[in-house]
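Spelled out, the chains give:
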Amino acid sequence: MKLLNESKTFGGRYLQYSHQSSTVKGDMRFSVFLPEAASDKKPVPVLYWLSGLTCTDENFVQKAGAFRKAAELGIAIVAPDTSPRGDSVANDDAYDLGQGAGFYVNATQAPWAEHFQMYDYIVKELPKLIEANFPVSDRRSIAGHSMGGHGALVIGLRNAERYCSISAFSPITNPINCPWGQKAFSAYLGEDKQTWKQYDACELLSDKHAVLPMLVDQGDADNFLKEQLKPTNLVRAANEHGSALELRMQPGYDHSYYFISTFIDQHLAFHHKCLMD
Ligand SMILES: N[C@@H](CCC(=O)N[C@@H](CS)C(=O)NCC(=O)O)C(=O)O
């Protein structure tokens with residue numbers, strides 16, 4: 001691991017690293033917040049944050065204003081990049097495909113399959129690296145925004161034994177039924193739609209009876225709400241099986257980090273409760 005940046009903040013530390021990932025076969029960046037309380041004798045629980053389209057590991061750490069509350073609660077935060085990057089990594093001119101738009105899936109189609117293995121990177125490689133190198137415990141929760149909200153829901157639902165709770169802001173809840181998801185899944189997974197379902201939160205929820213506590217915040221002034229995000233589909237799927245989903249429609253809020261920063265403390269408190277149970 002190579003340390004790229006380090007700053008003291010709220011008594012703890014902000015750190016940014018790059019490392020050679022065997023899963024995506026290339027360099028990956030991630031940001032970490034470690035509260036002052038974290039030590040080898042007293043490892044702290046971790047919240048993984050997955051960002052949305054066009055983001056790097058830096059959008060959340062610079063814009064969400066999460067560190068004051070995380071410091072107070074004694075929670076570490078890990079924010080990975082949203083895809084592999086570099087000249088030798090496949091890309092597309094559009095903002096919603098390729099670099100910055102990994103969709104947290106394991107691609108099976110050329111030219112994406114070689115590097116775009118973000119599902120395995122987030123579920124397997126990154127937590128192992130974090131737990132081996134930082135004073136954190138194996139109590140994990142997962143959260144994200146938009147494409148990253150989709151990632152958090154899918155990864156949490158498919159790996160309930162590995163996480164304590166899931167939360168999302170403005171998640172793409174039903175990617176197999178929206179333009180962003182259909183475009184990305186066609187490219188990364190191919191045209192057999194059966195293979196898409198393992199990466200669709202609504203499909204996964206319909207399939208499961210007992211899942212983790214889930215908190216979702218959605219602004220009703222979000223431009224992407226009706227065409228791309230479809231939170232009512234998630235509520236319907238959760239209700240079918242009595243899953244523990246709380247969806248909060250937030251009047252007047254849009255899709256931006258102004259919305260996220262307004263409610264991030266509440267998400268941290270929600271995760272803290274589950275992480276400490
Ligand atoms: N603004 C973009 C859409 C991408 C977008 O809104 N990205 C969200 C995640 S889906 C984001 O967090 N952007 C970065 C930021 O606000 O810092 C466009 O329509 O071209």
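Parameters at a glance
Note on numbering: residues in each chain are counted from 1, in written sequence order. Reporting of local features is limited, given that this is a predicted model, to residues whose pLDDT is at least 70; pairs of side-chain atoms are given and counted only at 80 or more, and all residues count toward the totals for whole chains, interfaces and linings. Excluding hydrogens and water, the side-chain figures rest on all heavy atoms present in the structure. Here a helix means four or more residues in a row that DSSP labels H or I, a strand means two or more in a row labelled E, and each is numbered from the N terminus. What the globule rule says is 2.2 Å times the number of residues to the power 0.38, and the radius of gyration is computed from C-alpha atoms. Burial classes follow relative accessibility: with a 1.4 Å probe on protein chains only, a residue under 20% of its type's maximum area counts as buried, one over 50% as exposed, and anything between as partly exposed. Note on areas: Shrake-Rupley with a 1.4 Å probe; residue coverage comes only from the protein chains shown. Neither His nor the chain termini are counted; the positive set is Lys and Arg, and the negative set is Asp and Glu. For charged residues, the charge sits on one atom: NZ in Lys, CZ in Arg, CG in Asp, CD in Glu. UniProt positions are given in the numbering used here, feature names are shortened, and annotations may be inferred rather than shown by experiment. Buriedness of a pocket was judged along seven lines, with at least five required to meet protein on both sides within 12 Å; pockets are open sets of points on a 1 Å grid over the protein atoms alone, cavities are sets where a 1.4 Å probe fits but cannot get out, and lining residues have an atom within 4 Å of a point. In what follows, residue pairs with any heavy atoms lying within 4.5 Å of each other are defined as contacts. We call two strands paired when DSSP finds no fewer than two bridges between them. The axes are straight lines fitted to the C-alpha atoms, using for helices just the contacting stretch, and the angles between their N-to-C directions are given from 0 to 180°. Picture the helix axis, draw a direction to every C-beta atom, and the arc is the one those directions span. As used in this structure description, the phrase polar contact means that two N or O atoms lie within 3.5 Å; if the pair is within protein, one of them must be able to donate a hydrogen and the other to accept it, and residues adjacent in sequence are counted only when both atoms belong to side chains.

Another aspect to go through is the overall build of the chain. Along its length, the chain carries nine helices and nine strands. Relative to the 2.2 N^0.38 estimate, which gives 19 Å for 277 residues, the radius of gyration of the chain is 17 Å and therefore close to what a compact globule would have. Dimensions of the chain, computed from C-alpha atoms along their principal axes, come out at roughly 50 × 45 × 35 Å. Per-residue burial over the chain gives 60% buried out of 277 residues. In the form shown here, the chain has an accessible surface area of approximately 11400 Å², with 46% of it arising from carbon and sulfur atoms. Here the chain contributes 26 positive and 32 negative side-chain charges, whose respective centroids are spaced 5 Å apart.

The next point concerns the UniProt feature "active site" (unreviewed entry) in the chain. Annotation from UniProt places "active site" (unreviewed entry) at Ser146, Asp222 and His255. A maximum C-alpha distance of 10.9 Å places the annotated residues, which cover 110 residues in sequence, within one compact spot. Lining of the largest pocket among the annotated residues: Ser146 and His255. Mapping Ser146 onto the fold places it in the loop between strand 6 (136–145) and helix 4 (147–158). With relative accessibility at 2%, the residue Ser146 sits in the buried group. In this structure, His255 sits in the loop between strand 9 (245–250) and helix 9 (257–276). We classify His255 as buried; its relative accessible area is 15%. If sequence neighbours within four positions are ignored, His255 has contacts with His145, Ser146, Ser170, Asp222, Phe224 and Leu229.

Time to look at the sheet that holds strand 8 (residues 214–219). An order of 1-2-3-5-4-6-7-8-9 is seen for the nine strands of this open sheet, with the pairing classed as mixed. The open sheet has two edge strands with one neighbour each: strand 1 (2–9) and strand 9. Across the sheet, the mean angle separating the axes of adjacent strands is 20° when strand polarity is ignored. With six bridges connecting them, strand 4 (residues 44–50) and strand 6 associate as parallel partners. For Tyr48, the partnering residue across the bridge sits in strand 6 and is Ile142. Where helix 4 meets the sheet, it contacts strand 4, strand 6, strand 7 (166–169) and strand 8, and its direction lies at approximately 135° from that of strand 6. Against the sheet, helix 8 (residues 231–240) touches strand 8 and strand 9, its axis set at about 155° to strand 9.

Structurally, Ala238 is set in helix 8. Residue Ala238 is classed as buried on the basis of its relative accessible area, which comes to 1%. Residues Ala238 and Leu205, 33 residues apart in the sequence, show an inter-C-alpha distance of 5.9 Å. Discounting chain neighbours no more than four positions away, the residues touching Ala238 are Leu205, Ser243 and Leu245.

Quick look at helix 8 now. Taken together, the buried positions of helix 8 are Pro231, Asn233, Leu234, Ala237 and Ala238. Projection of helix 8 onto a plane perpendicular to its axis shows the buried side chains occupying an angular sector of 155°, all on one side. Facing away from the buried side of helix 8 by more than 90 degrees, the exposed set consists of Thr232, Arg236, Asn239 and Glu240. On its buried face, helix 8 is in contact with helix 4, helix 6 (201–207), strand 8, helix 7 (225–229) and strand 9. In the stretch just after helix 8, Gly242 is the one whose phi turns positive, near 60°.

This brings us to the side chain of Ser137. Among the structural elements, Ser137 can be located in strand 6. We classify Ser137 as buried; its relative accessible area is 16%. A polar side-chain atom of Ser137 sits 3.1 Å from the main-chain amide nitrogen of Arg139. With near-sequence residues (within four places) excluded, Ser137 lies in contact with Pro43, Val44, Pro45, Val46 and Glu131.

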